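What follows is the residue order along each chain.
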Amino acid sequence: RTMNVPDFYASEHMVTNGEFWQFVADGGYRNKKYWCEDGWAWRTHRNLKWPFFWKQVGPAGSHEYGLRTIFEEIPMRWDWPVDVTYYESKAFCKYKSEKDGSPTSKPYRLLTEAEHQIIRHPRHNLDAARADVSADKVMVTAGSEFAHGETAANLNMTYSSSSPVDAFPPSESGHRDTIGNNWEWTEDHFNPLKNFEVHHVYDDFSTPCFDGKHSMIVGGSFMSTGDEASVFARFHFRPHFLQHSGFRLVASEEDAPATQLFPGSFAGQAAARDEAEEGDDSQSSKDNVYESEDLLAMYLGLHFPLSGSKENVNPIMHHEHAPTHGLRFPQRVAELLCKLEPERTNNRA
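Residues numbered from 1 in each chain as written. Predicted model: local features only at pLDDT ≥ 70, side-chain atom pairs only at ≥ 80, totals over all residues. Heavy atoms only, no water.

## Points about the pairing of strand β6 (residues 215-218)
- Residue alternation in β6 divides its side chains into two sets, S215 and I217 and M216 and V218, and both sets are buried.
- For β6 and strand β7 (residues 235-237), the ladder comprises three bridges, and the chain directions are antiparallel. Following the sheet pairing, S215 is matched in β7 by F237. (Buried < 20%, exposed > 50% of the residue type's maximum accessible area, 1.4 Å probe, protein only. Helix = DSSP H or I, 4+ residues; strand = E, 2+ residues; numbered from the N terminus. Pairing = 2+ DSSP bridges.)

## Description of the pairing of strand β5 (residues 183-189)
- Counting buried positions along β5 gives seven out of seven residues, so the element sits mostly inside the fold.
- With burial as the criterion, each face of β5 is covered, one bearing W183, W185, E187 and H189 and the other bearing E184, T186 and D188.
- Examined bridge by bridge, β5 and strand β8 (residues 245-246) share two bridges and lie parallel to one another. Looking at the pairing, E184 lines up with G246 of β8.
- Of the strand pairs in this sheet, β5 and β6 are connected by three bridges, and their pairing is antiparallel. Opposite W185, over in β6, you have I217 as the bridge partner.

## Focus on the packing of aromatic side chains
- Using the criterion set out here, one finds 28 aromatic pairs in the structure.
- Here the aromatic rings of F190 and F210 are separated by 5.0 Å at their centres, their planes lie at 35°, and the arrangement is tilted. Separated by 20 residues along the polypeptide, F190 in the loop between β5 and β6 and F210 in the loop between β5 and β6 bring together distant segments of the chain.
- Residue placement shows K137 over the ring face of F146; its charged tip is 5.0 Å from the ring centre. (Phe/Tyr/Trp six-rings, centres within 6.5 Å; stacked < 30°, edge-to-face > 60°. Lys NZ or Arg CZ within 6 Å of the ring centre and 35° of its normal.)

Spelled out as structure tokens, the structure:
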């Protein structure tokens, strides 16, 4: 895909916990004016008052926080990128535009997929990888080595957590963490590129998400490995999901060069929802491949296989193609391994 990308301003690094703290302290989670309709509904439903991975450590109202990482709770790392949803990212953009003003005539927004390609390091981008596969660093570099070299990054499990936003050198455009550390939310809906085809091995990965309800994330995080750490990676999540994801502030005089399945929708899934409500109910039901009653029963049964066992209630409601073969799958695998009775040598698997 070729796109015209007008001049734009992008912050040197992703918004940090320290920068986001001001939004929290100023009551950003209590002020509806900063949130889109769906974002506010999500915030009130979850009753969030600060980012999900922050932990209050001081008296109420003191705005003293620690940080929950994968393995432990630690003192707050104010220079790490904040881990938030799309909704929180957009709310902060609106707050920052009001508080400090934008460097352009338009308010702050998120990055776009096309702009992301521009600020990446020229020796670790699409053009470089097409010319030389070794430029797609994950193809030839172990995680322990990702922290070294001119395209060093917190990617491919170099570390087991985020890192300070100034820990690695910037790209030639002066932007840090254009790859790794945290994924970056964008203004783009997840969308197909030209000549997109479904692969038979994974036929439901992409097409169910071309629905205007999934926002693209770019760059990868410290946890991203394999194809997720590739320069060719294109991934997406619902706007209320957390996925080691952050954002940087962007502004431009022109409209954002974003690909949107519902033009003008910068508010998550509102436009997609509205169009579905206006359409034929029966067709909408057929198109809803993720949330049919059968699938919901399957999801609940697989996630909570012991639910109802004391009441003699089956964990999966009976329906055609019910995945009863999937029950206790991890336990059954472990039991099979134990039956193999492997010989112990050095007490390692």
